[in-house]
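Here is what each chain is made of, one letter per residue.
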Amino acid sequence: MPDTSTTSRQAGPAFSFSGATLARHGAATVAISALIAATLTLAYHGRWDVNLVYSLSIGIISWLTIDLGRWRLSRGQTLPWPGGWRGMALVAAGIMTGFALGSLIGSTYRQWAEPGAVSTLAHSLWMPLLITTIASMTMSLGFFVRGYSRHLQMQAEQAQRQAAQAQLTLLQAQLEPHMLFNTLANLRVLVGSDPQRAQAMLDHLIAYLRATLGGSRSTSHALREEFARLRDYLELMSIRMGPRLRYTLELPEELAETLVPPLLLQPLVENCIRHGLEPKLEGGSITVRARRIAAAAGAQIELTVADDGMGLGHAPPGQGDGGFGTAQLRERLANRYGGAARFELAALPEGGTLARITLA
């Protein structure tokens, strides 16, 4: 067997042996044993029932020895097979144990079923041993390949989850300092000129940072939490921009508990302000809306962020598609939903930008 001593020590979820796995392997063993017995019978190597008892006894004992042995030797590892020489020794032990005990059971049954039979070519030692060796090695290799494939799949899924979390952390690292520094600069001015507005800004900042810290520890939260965070952020921006910023948040009650990744809409709202409304002398409005829509594939959830700002044509170079935030958003949607999510960014005919996320 392949040397897996290094692979089994890699980081990842530990291998667990389930009853369903044991049942599948047992069913495969019984089926192959019956096939071997049928082949021997058709080749005129003894009676069907005698061949079946021999084959089942040798096959089941070999399988149990190998399968239970690998479970015992692989506990705490990520790969469901003992590494190095232990794997080969386990297969050899299973073959010899199955041959010895299975042949004993088969011979006992044959003496009972055929009292006057003489041990001839049909049940000489080389035939059961050869069949046991080939069948056990083939099945062990099959179980190993299947287990190793599952191991690689689990590692890939874990790496994908870690990558998605890293993207969220990177996105937060970009969004939060920018907003925080601007907010603190405004607070410094307001503390002396308008203490009441400064207190309101500080309250919203505390609520926003508390929600952000909680969101960074999870991979999803309810839409109501996403909208609450957006409200705190937009309130902060409203204090900074004054009457130049107006916003509307629309979240139907039936969608409030729908789970979405944290910071899903935040980069879209920030793009609206930075590239759409701030450069516009009179400012403008932002509308964030969630709704359920009918589609050919069934009901879907549509999340939109629209503004009446400068539009995509006035974005800085390299920001025409929304820049870093929306690039990360596309990747996060692909990692989380695959083909079940769609993101679109378009210019509105009356001016401004519309960002749309559709979730199946």
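Note: the structure precedes this text.
Attention in this report is confined to the structure presented alongside it.

Calculation notes
- Residues numbered from 1 in each chain as written.
- Predicted model: local features only at pLDDT ≥ 70, side-chain atom pairs only at ≥ 80, totals over all residues.
- Heavy atoms only, no water.
- Helix = DSSP H or I, 4+ residues; strand = E, 2+ residues; numbered from the N terminus.
- Expected span 1.5 Å × (residues − 1).
- Axes fitted to C-alpha atoms, helices over the stretch in contact; angles between N-to-C directions.
- Parallel < 35°, antiparallel > 145°, perpendicular 65-115°, else oblique.
- Left-handed = near helix turned anticlockwise from the far one by under 90°.
- Contact = heavy atoms within 4.5 Å.
- Salt bridge = Lys/Arg side-chain N within 4 Å of Asp/Glu carboxyl O.
- Pairing = 2+ DSSP bridges.

A rise of 1.5 Å per residue sets the reference length of helix α6 (residues 223–241), with its 19 residues, at 27 Å; its end C-alpha atoms lie 26 Å apart and thus fit the reference within 8%. Where α6 terminates, the next one or two residues include G242, which has phi positive at roughly 70°.

Where α6 contacts helix α7 (residues 266–277), the axes come no closer than 10 Å and their chain directions differ by 20°. Comparing their axes, α7 and α6 come out roughly parallel. Seen from above, α6 lies across α7 with right-handed handedness. Within the contact between the two elements, α6 uses E226, L230, Y233, L234, M237 and M241 and α7 uses Q266, V269, E270, I273 and L277.

A few words on the pattern of salt bridges. Pairs may arise between side chains of opposite charge once their charged atoms sit close together. In the structure shown here, the tally under the stated rule is nine salt bridges. We note a salt bridge from E302 to R291, for which the minimum N-O separation is 2.6 Å. Of this pair, E302 sits in strand β5 (residues 298–307) while R291 sits in strand β4 (residues 284–295), and the two are 11 residues apart along the sequence. A single network of salt bridges, built from pairs that share partners, joins R291, E302, R342, E344 and R356.

Take the sheet that holds β4 next. Overall, mixed pairing links the five strands, which are arranged β2-β4-β5-β7-β6 in an open sheet. Each having just a single partner strand, β2 (245–250) and β6 (341–347) make up the two edges of the open sheet. Neighbour-to-neighbour, the strand axes of the sheet open up by a mean angle of 15°, direction not taken into account. Bridge count for β2 against β4 is six bridges, and the pairing is parallel. Paired with L249 across the bridge in β4 is V288. Those strands touched by α6 are β2, β4 and β5, and its axis lies near 170° from that of β2. Lying over the sheet, α7 contacts β2, β4, β5, β6 and β7 (353–359), oriented at roughly 140° with respect to β4.

Just distances and angles here, no functional claims.
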